[in-house]
Amino acid sequence: MNMVKRRDAGLAYVSDEKVMEEQAAARKILQKLNFMDRSDFEGIAGVVKELLGKSENAMINPPFYCDYGSHIEVGKNFFANYNCTILDVAKVKIGDNCQMAPNVAVYTAGHPVYPDTRNTAYEYGKEVTIGDNCWIGGNTVICPGVHIGDNVVIGAGSVVTKDIPDWSIAAGNPCRVIRKITEADRRKLFRNEEIDDEAWEDIQSRISQNRG
């Protein structure tokens, strides 16, 4: 089994010439993305689609970094803010309507713990999944093999080492569930502040349109 197949099977592998050829192709697209006119939103969206392939209304604020791009699968309306890094050695699957604040890092890549073994250049990748309607706070790190459910908020500065269930607010290092998201949160803005009446009326109209 060659190293590309070993990598894609989640086995120990070495980044040989064939692996690096795939990374080089991605870096050419990233070079274009990360040096574009930041006000060229349409052009940026086009390069994002080139990098990620199948995507609907995906937007990334450069700079953005990844290993392949082709191993990242995003749903509708994906948004990543500045300085997002996704090490997509293994598959990274992200659902619809997900938002990532600045400096979010998603790592699928790992290395053996024992130094002699690690120094042989063997490494591995383990899949990361993020469900629908998730908001990942700034400076969050998501580690290899983690699965985050639907409708989850991850607090800023978290290090996510274990799975997070649906409808959770989670934060910390290591990241832990703080509480469930409930109907009482529907009109919350910031802490106990509620959304004002004018905005709330517009929000309800937009929700109805989305459902229709």
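Everything numeric here is computed off the predicted structure, so don't read it as measured data.

1. What to know about the environment of isoleucine 181
And step 1. With respect to the element layout, isoleucine 181 can be found in the loop between strand 19 (176–180) and strand 20 (188–190).
And step 2. Judged by relative accessible area, isoleucine 181 falls into the partly exposed class, the value being 21%.
And step 3. Sequence separation between isoleucine 181 and isoleucine 169 is 12 residues; the distance between their C-alpha atoms is 6.6 Å.
And step 4. Other than its neighbours up to four places away in sequence, isoleucine 181 contacts Asn151, Val153, Trp167, Ser168 and Ile169.

2. Comments concerning the state of the cysteines
And step 1. Counted by the stated rule, this structure contains zero disulfides.
And step 2. Cysteine 98 takes part in no disulfide bond, and the closest cysteine sulfur, belonging to cysteine 134, lies 4.6 Å away.

3. Description of the packing of helix 2 (residues 17–34) against helix 3 (residues 41–52)
And step 1. Viewed as axis vectors pointing N to C, helix 2 and helix 3 meet at an angle of 170 degrees, and their least axial separation amounts to 10 Å. By the angle between their axes, helix 2 is roughly antiparallel relative to helix 3. Along the contact surface, helix 2 presents Ala26, Ile29, Leu30, Lys32 and Leu33, while helix 3 presents Ile44, Val47, Val48, Glu50 and Leu51.

4. A few points about a negative patch on the surface
And step 1. On the surface, a cluster of negative charge is contributed by Glu193, Asp196, Glu198 and Glu201.
And step 2. Within the element layout of this structure, aspartate 196 appears in the loop between strand 21 (193–194) and helix 5 (197–211).

5. Here's the deal with the pattern of salt bridges
It is possible for side chains bearing opposite charge to pair when their charged atoms get close.
And step 1. Going through the model one piece at a time under the given rule, you end up with eight salt bridges.
And step 2. Linking glutamate 50 and lysine 32 is a salt bridge whose minimum nitrogen-to-oxygen distance equals 3.0 Å. Of this pair, glutamate 50 sits in helix 3 while lysine 32 sits in helix 2, and the two are 18 residues apart along the sequence.
And step 3. A relative accessible area of 40% places lysine 32 in the partly exposed class.
And step 4. Here the residues in one salt-bridge network are Arg7, Asp8 and Glu22, joined through shared partners.

6. Comments concerning helix 2
And step 1. Across its 18 residues, helix 2 extends 25 Å between first and last C-alpha, which sits within 8% of the 26 Å expected from 1.5 Å per residue.
And step 2. Within helix 2 the residues assigned to the buried category are Val19, Gln23, Ala26, Ile29, Leu30, Leu33 and Asn34. Buried positions in helix 2, seen along its axis, are confined to an arc of 130 degrees and lie on one side of it. With respect to the buried face of helix 2, the exposed residues turned more than 90 degrees away are Glu17, Lys18 and Lys28.
And step 3. Considering only its buried residues, helix 2 is in contact with helix 1 (3–8), strand 1 (13–14), helix 3 and strand 3 (64–66).
And step 4. For helix 2, the N-terminal cap is aspartate 16; the gap from its side-chain oxygen to the backbone nitrogen of lysine 18 is 3.3 Å.

7. Side note on the side chain of aspartate 67
And step 1. Structurally, aspartate 67 can be placed in the loop between strand 3 and strand 4 (72–74).
And step 2. If sequence neighbours within four positions are ignored, aspartate 67 has contacts with Gln23, Ala26, Ile86, Leu87, Asp88 and Val89.

8. Structural notes on the packing of aromatic side chains
And step 1. Counted under the stated rule, the structure contains zero aromatic pairs.
And step 2. Seen from the ring of tyrosine 68, arginine 7 lies directly overhead, with NZ or CZ sitting 4.6 Å from the centre.

9. Section: the nonpolar core
And step 1. In this structure, Phe64, Met100 and Ile148 are the most contacted members of the largest nonpolar core, which totals 40 residues.
And step 2. At the level of elements, helix 2, helix 3, strand 2 (59–60), strand 3, strand 4, strand 6 (84–87), strand 7 (92–94) and strand 12 (128–130) are the ones that each hand at least two residues to this core.
And step 3. Tallying contributions element by element places helix 3 first for this core, with five residues.
And step 4. Once you skip the residues sitting within four places of it in the chain, phenylalanine 64 turns out to touch Leu30, Leu33, Asn34, Leu51, Ile72, Cys84 and Ile86.
And step 5. Among the nonpolar cores identified, the runner-up in size contains seven residues, and Met3, Tyr13, Val19 and Ala109 belong to it.

10. A look at the sheet that holds strand 1
And step 1. Ordered in space as 1-11-10, the three strands form an open sheet in which the pairing is antiparallel. At either end of the open sheet lies a strand with only one pairing partner, and these are strand 1 and strand 10 (109–110).
And step 2. Where strand 10 lies against strand 11 (residues 122–125), two bridges are found, and the strand directions are antiparallel. Counted as the bridge partner of alanine 109 is glycine 125 from strand 11.

What counts as what
- Residues numbered from 1 in each chain as written.
- Predicted model: local features only at pLDDT ≥ 70, side-chain atom pairs only at ≥ 80, totals over all residues.
- Heavy atoms only, no water.
- Helix = DSSP H or I, 4+ residues; strand = E, 2+ residues; numbered from the N terminus.
- Buried < 20%, exposed > 50% of the residue type's maximum accessible area, 1.4 Å probe, protein only.
- Contact = heavy atoms within 4.5 Å.
- Disulfide = S-S within 2.5 Å.
- Axes fitted to C-alpha atoms, helices over the stretch in contact; angles between N-to-C directions.
- Parallel < 35°, antiparallel > 145°, perpendicular 65-115°, else oblique.
- Patch = residues over 30% accessible without salt bridge, like charges linked within 9 Å, V, L, I, M, F, W, Y side chains within 5 Å.
- Areas by Shrake-Rupley, 256 points an atom, 1.4 Å probe, with all protein chains shown as cover.
- Salt bridge = Lys/Arg side-chain N within 4 Å of Asp/Glu carboxyl O.
- Lys, Arg positive; Asp, Glu negative; His and termini not counted.
- Charge placed at Lys NZ, Arg CZ, Asp CG, Glu CD.
- Expected span 1.5 Å × (residues − 1).
- Arc of directions from axis to C-beta.
- Polar contact = N/O pair within 3.5 Å; in protein donor to acceptor, adjacent residues only side chain to side chain.
- Phe/Tyr/Trp six-rings, centres within 6.5 Å; stacked < 30°, edge-to-face > 60°.
- Lys NZ or Arg CZ within 6 Å of the ring centre and 35° of its normal.
- Core = buried A, V, L, I, M, F, W, Y, C linked by side-chain atoms within 4.5 Å.
- Pairing = 2+ DSSP bridges.

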